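Structural overview
Chain by chain, the residues:
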Amino acid sequence: MFVHWGIYAIPAWHEQILWRRNMSPFDYKHYAKQFNPVKFNPHEWIDLMQEAGMEYICFTTKHHDGFCMWDTKQTEYNIMNSAYGKDILKLLTDACHERGIKVGLYYSCVDWDHPYYPNLGRSHELSRPKPGDDPDINRYYNEYVVKQIEELCTNYGPISYFFWDLNIAEYKDPSVNDLIRKLQPGIMINDRGPGEGDYKTPERSVPPGRRFELPTEACQSVGKHSWGYKQDEDYYSVAYLINSIDKIMAMGGNYLLNVGPDASGVIPEEAQRIVRSIGRWYKKVREAFDDAVPASDMITDNNVMLTRKNHTLYAHVNIPVISSSIVLTPIDVLPNKAVLLNTGQELETRVDITPNLYKEKPILRIRGIPADDLTGEVPVIKLEFDEAIEKYVPPEKDA
Ligand code: GLC
C-alpha cells in the first residue's frame, strides 16, 4: 500500500495544490501548524492492508511541499511543530515492524520549502525562488538531503526500500544511494533518484509487453485525480484496478496501490471499500502469483496472461471476459485438472480443433467460464499438468 499523506490533506484537493493552484507558499505553511490528525491509528491502516493481502507499505516522508512527517533535526518544517506534535513516521514504522509489514520510504527530491532547493520553474517546481532562498543544488543534497537520509535510515528500524521521486535529471550523485545501502544493507532503491536504481517504477499505466525484463513496481492510486486525499475524488472501478493489478503481477511486477488518508488520519470509506474488494479477489487467486513466474510468452492470445509454478499453469483472463472459453495457442496438452480459482469450480478442457484457429492443429481449450457472473473479477484458472509445459513452440503460419 502506497500512502500519500501530509498537510495537503487539509485543503483536500491534491498533494501538489501549492504548485497546481499557484498558492502562496506562505499561506500554505499555515496548514503545518493546523495539522492535527487525532484519528491516526497505524493499526487501522495495517488491518486494512492485511485484510487485502498487502505486504508492505510505502509512506511519503517528505512530498514536494517539503513538509517532513518525521522528527527531523534538519528543518523546523516538520510534524513535531504541528498541532499533532508526534513523530508520525515513528508511530507508523513501529506498528509495521511489530506486525510484520515491510517499510518503504518515499522521499521527494523536489522541495518547495527548503532555501537551497533551486526552484527554477521546471516541471513540479515553483516558478522562482522565494524571497530569502539561496538556491544551490549541491548544498541542498550535501547539507540537507544526505542528513535527512541518515535520520530516515537510522532511526526507524529496517527499511526495505527507498522510493525517490523527481530528482532533477542532470543531478547525479551515486554516493547518496551508497549511503542508503551502507545504512540499510539489503535495501532496494528505485530509479527516480540521483543514482542508479534497482527497479523501475511505471506510474498509472500497464507498460506493453508480456513480462518485465527488469524488477518493476508499478504504482497507481485508487483515485483518478490525486494521490493525496481529495475530498471530492472520483475513484477508479474495482474492475479496472483488478485488471491492471493482474497484468502487472502476471508480468512479474509488484503493485503499489495508493490511498490518501484524510486530515484526521482516516483512509476514506470509498478507498477502503475498493481495497477490500480487490483483496477479496486477490485472496482467492493469489496462489497464481506467489512464487510463480511470468509465462505469458508461451501463448499467443493477448487477452490471456499466464503464470507458472512447476507443473502448474495459471491462465488469467483479461476483463471484460469476451466469451465462456479460452484457447491457449499453441499448447496442445490436456491438463489433469482445470479449476477456476475465483469460485473453486472445475472447468472442462479439450484439446481439439476449433473452426477459426490453426488448420488441423488441436489446441487446448478451456470451457464453461461463467463470464457473465464474474463481472469485475479477473478469472484465474489453475491448470495442473503431469509434466512441466514450459517450452514456447511458435505456431505454424496459416498457408
Ligand atoms: C507523480 C505525482 C506525485 C506522486 C508520484 C507517485 O510523480 O506527481 O505527486 O507522489 O507520482 O509516484
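Small disclaimer: the values here were computed from a predicted structure and weren't measured.

**With respect to the side chain of Glu 125**
Considering the arrangement of structural elements, one finds Glu 125 in the loop between strand 3 (102-108) and helix 6 (137-152). Its relative accessible area of 3% is what places Glu 125 among the buried residues. Discounting chain neighbours no more than four positions away, the residues touching Glu 125 are Trp 19, Trp 112, Tyr 117, Pro 118, Asn 119, Leu 120 and Ile 168.

**As for the site of the ligand**
Around the ligand there are 14 residues in total, and His 4, Glu 15, Gln 16, His 63 and Glu 203 lie nearest to it. In this structure, Arg 192 approaches the ligand through a side-chain N or O atom, which is 3.0 Å from an oxygen atom. Here the ligand loses 94% of its free accessible area of 310 Å² to cover by the protein chains. Split into classes, the residues belonging to the shell around the ligand amount to five nonpolar, five polar and four charged.

**Examining the sheet that holds strand 1 (residues 2-3)**
Pairing in this open sheet of seven strands is parallel, and the strands run 5-4-3-2-1-7-6 from one edge to the other. Either end of the sheet is taken by a strand with one partner, and the two such strands are strand 5 (188-189) and strand 6 (217-221). Pairing geometry for strand 1 and strand 7 (residues 254-259), over two bridges, is parallel. Pairing of Phe 2 across the sheet is with Asn 258, part of strand 7. Against the sheet, helix 7 (residues 174-183) makes contact with strand 4 (161-165) and strand 5, and its axis sits at roughly 155 degrees relative to strand 4, the strand it touches most.

**Details of the pairing of strand 15 (residues 380-384)**
Burial analysis of strand 15 places four of its five residues in the buried class, which makes it a mostly covered element. By the bridge criterion, five bridges tie strand 10 (residues 312-317) to strand 15 in an arrangement that is antiparallel. Note on strand 15: the bridge partner recorded for Leu 313 is Leu 383. The sheet contact formed by strand 12 (residues 337-340) and strand 15 spans four bridges and is antiparallel. Bridging across to strand 15, Lys 337 finds its partner in Glu 384.

**As for the packing of aromatic side chains**
Under the criterion given, the structure shown has 25 aromatic pairs. Geometrically, the ring pair formed by Tyr 141 and Tyr 171 is stacked, given 4.2 Å between the ring centres and 10 degrees between the ring planes. Placement of Tyr 141 in helix 6 and of Tyr 171 in the loop between strand 4 and helix 7 is noted, with a sequence separation of 30 residues between them. For Tyr 141, a relative accessible area of 1% puts it in the buried group. Among the aromatic residues, ring-to-ring pairing joins Trp 5, Phe 35, Phe 40, Trp 45 and Phe 59 into one connected group. Above the plane of the ring of Trp 13 lies Arg 21, whose end atom (NZ or CZ) is 4.5 Å from the centre. Here the guanidinium or amino end of Lys 29 rests over the ring plane of Tyr 77, the centre of that ring lying 4.7 Å away.

The rules behind each value
Residues numbered from 1 in each chain as written. Predicted model: local features only at pLDDT ≥ 70, side-chain atom pairs only at ≥ 80, totals over all residues. Heavy atoms only, no water. Helix = DSSP H or I, 4+ residues; strand = E, 2+ residues; numbered from the N terminus. Buried < 20%, exposed > 50% of the residue type's maximum accessible area, 1.4 Å probe, protein only. Contact = heavy atoms within 4.5 Å. Near = heavy atom within 4 Å. Polar contact = N/O pair within 3.5 Å; in protein donor to acceptor, adjacent residues only side chain to side chain. Areas by Shrake-Rupley, 256 points an atom, 1.4 Å probe, with all protein chains shown as cover. Nonpolar A, V, L, I, M, F, W, Y, C, P; charged D, E, K, R; others polar. Pairing = 2+ DSSP bridges. Axes fitted to C-alpha atoms, helices over the stretch in contact; angles between N-to-C directions. Phe/Tyr/Trp six-rings, centres within 6.5 Å; stacked < 30°, edge-to-face > 60°. Lys NZ or Arg CZ within 6 Å of the ring centre and 35° of its normal.

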